[in-house]
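# Chain and residue survey
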Amino acid sequence: PLWTVLQRTQSYMQKRLIHLSIIFFLLCPALVVAQNSPLETQLKKAIEGKKAEIGIAVIIDGQDTITVNNDIHYPMMSVFKFHQALALADYMHHQKQPLETRLLIKKSDLKPDTYSPLRETYPQGGIEMSIADLLKYTLQQSDNNACDILFNYQGGPDAVNKYLEFCYQNWTTPLAAAKLLEIFRNENLFDKEYKNFIYQTMVECQTGQDRLIAPLLDKKVTMGHKTGTGDRNAKGQQIGC
């Protein structure tokens, strides 16, 4: 049951979060509820008293919605890489380019002062890599260098902003984030080749195994997600998740 999952997720949150902003959005096709429902009351109770600013949005059957603390601008952190993937797929769709299109990666592309498993694997650069593999680095491992390489390929951050109309401050509300996932799941934004690849890549996401997905690992649940992790402040508190 959803409430059992929320309770178990809550126990993980209690162990990990201090002054943390969280975007928590669920797509629940089997549950029919409405705002001001018992579920909304349970959600509010689950986050009560936590040292965090927590936002929740639930979309049921593409119609009913429940939100908690939705009027706050939550930092997306690396969650924006999902938005980037949609803009990239739209660009490739119009350019009629396959996901196996290969890009040259130079050593200068592998910045040393950012999180990058790609750089750790290929520190000297000088290789070619498919867009599919770069997307896996971006969506599954949140690689910042792979992200920038794809930005440059598709026309820079302005291209993503133009496609999705989200601001440079990199924030969202829980409901806006959930609605974007709903659009991605149910509308034909681009060819199925790109859609299926993004979907499967997010289902196989390797980051955040100790977060929202943790209490679901032993359940028969298919879950796709993109994590976002902020830096820590002078007190050692994580600024956003």
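Here is what the cut-offs are and how they apply
- Residues numbered from 1 in each chain as written.
- Predicted model: local features only at pLDDT ≥ 70, side-chain atom pairs only at ≥ 80, totals over all residues.
- Heavy atoms only, no water.
- Helix = DSSP H or I, 4+ residues; strand = E, 2+ residues; numbered from the N terminus.
- Buried < 20%, exposed > 50% of the residue type's maximum accessible area, 1.4 Å probe, protein only.
- Contact = heavy atoms within 4.5 Å.
- Areas by Shrake-Rupley, 256 points an atom, 1.4 Å probe, with all protein chains shown as cover.
- Salt bridge = Lys/Arg side-chain N within 4 Å of Asp/Glu carboxyl O.
- 1 Å grid on protein atoms, 1.4 Å probe; cavity = no way out; pocket = protein on both sides within 12 Å on 5 of 7 lines; lining within 4 Å.
- Points joined across faces, edges and corners; volume = space filled by probe spheres on them.
- Nonpolar A, V, L, I, M, F, W, Y, C, P; charged D, E, K, R; others polar.
- Polar contact = N/O pair within 3.5 Å; in protein donor to acceptor, adjacent residues only side chain to side chain.
- Expected span 1.5 Å × (residues − 1).
- pLDDT = per-residue confidence, 0-100.
- Core = buried A, V, L, I, M, F, W, Y, C linked by side-chain atoms within 4.5 Å.
- Patch = residues over 30% accessible without salt bridge, like charges linked within 9 Å, V, L, I, M, F, W, Y side chains within 5 Å.
- Lys, Arg positive; Asp, Glu negative; His and termini not counted.
- Charge placed at Lys NZ, Arg CZ, Asp CG, Glu CD.
- Pairing = 2+ DSSP bridges.
- Arc of directions from axis to C-beta.

Our focus in this paragraph is the overall build of the protein. When its secondary structure is counted, the protein shows nine helices and seven strands. Looking at the protein as a whole, 49% of its 241 residues qualify as buried. In the protein, once contacts between residues fewer than 6 apart in sequence are set aside, the share between residues at least 24 apart is 70%. Of the roughly 12800 Å² of accessible surface on the protein, a fraction of 50% belongs to carbon and sulfur atoms.

Taken as a whole and judged by the stated rule, the model has four salt bridges. Ionic pairing is found between Arg102 and Glu128, a salt bridge with its closest N-O pair at 3.7 Å. On the criterion of sequence distance, the pair formed by Arg102 in strand β5 (residues 102-105) and Glu128 in strand β6 (residues 127-130) is long-range, its members being 26 residues apart. For Glu120, the salt bridge identified is with Arg119, shortest N-O distance 2.9 Å. Assessed through its relative accessible area of 56%, Glu120 is described here as exposed. Arg119 gets classed as buried once you look at its relative accessible area, which sits at 15%.

Moving on: the layout of surface pockets. If you add up the space inside the second largest pocket, you get close to 240 Å³. Along the walls of the second largest pocket sit 13 residues, with Ser78, Tyr115, Ser142, Asn144 and Thr229 positioned nearest its centre. Residues belonging to the lining of the second largest pocket are distributed by class as follows: one nonpolar, nine polar and three charged.

It is worth spelling out the environment of Asp61 at this point. If you trace the backbone, Asp61 turns up in the loop between β2 (52-60) and β3 (64-68). Along the primary structure Asp61 and Glu182 are separated by 121 residues, whereas in three dimensions their C-alpha atoms are 9.6 Å apart.

Take the side chain of Thr101 next. Summarising the element assignment, Thr101 is placed in the loop between α3 (80-95) and β5. According to the relative accessible area criterion, Thr101 is buried, its value standing at 18%. Within the structure, Thr101 has its side chain in polar contact with the backbone oxygen of Pro98 (distance 2.7 Å).

When the terminal C-alpha atoms of helix α8 (residues 174-186) are compared, their 18 Å separation across 13 residues agrees well with the 18 Å that a helix rising 1.5 Å per residue should span. Turning to α8, its buried residues number three or more, namely Pro174, Leu175, Ala177, Ala178, Leu180, Leu181, Glu182 and Phe184.

Mapped onto the elements of the fold, Thr222 is located in the segment after α9 (192-203). Classification of Thr222 as exposed rests on a relative accessible area of 61%. For the pair Thr222 and Val203, spaced 19 residues apart in the sequence, the C-alpha separation amounts to 7.1 Å. In contact with Thr222, other than residues within four places in its own chain, are Tyr199 and Val203.

Across the protein, the average pLDDT comes to 81, with 79% of residues at 70 or higher. Contacts from residues 1-33, a stretch scored under 50 in pLDDT, to residues over four places away or in other chains number 94 contacts.

Here we come to the nonpolar core. Counting 31 residues, the largest nonpolar core has Phe82, Ile105, Leu118, Leu134, Leu135 and Ile198 as its most contacted members. Mapped onto this core, the elements with two or more residues apiece are α3, β5, β6, α5 (131-141), α6 (144-154), α8 and α9. Ignoring anything within four residues of it in the chain, the contact list for Ile105 reads Leu110, Leu118, Gly125, Gly126, Ile127, Met129, Leu134 and Ile149. Residues Leu39, Leu43, Ile60 and Val68 belong to the second largest nonpolar core, which totals nine residues.

Let's shift gears to a negative patch on the surface. There is a patch of like negative charges on the surface, built from Glu100, Asp133, Asp191 and Glu193. In this structure, Asp191 sits in the loop between α8 and α9.

On to the pairing of β5. Side chains Leu103 and Ile105 project from β5 onto a buried face, and the interleaved Arg102 and Leu104 project onto a face without burial. Bridge count between β5 and β6: four bridges; the pairing is antiparallel. Paired with Leu104 across the strands is Glu128, a residue of β6.

This brings us to helix α2 (residues 38-47). Along α2, the positions that sit buried rather than exposed are Leu39, Glu40, Leu43, Ala46 and Ile47. For α2, the arc enclosing every buried residue in end-on projection is 120 degrees, short of the 170-degree limit, so these residues lie on one face. In α2, the exposed residues that point more than 90 degrees away from the buried face are Pro38, Thr41 and Lys45. Gly49, located one to two residues past α2, shows a positive phi value of around 80 degrees.

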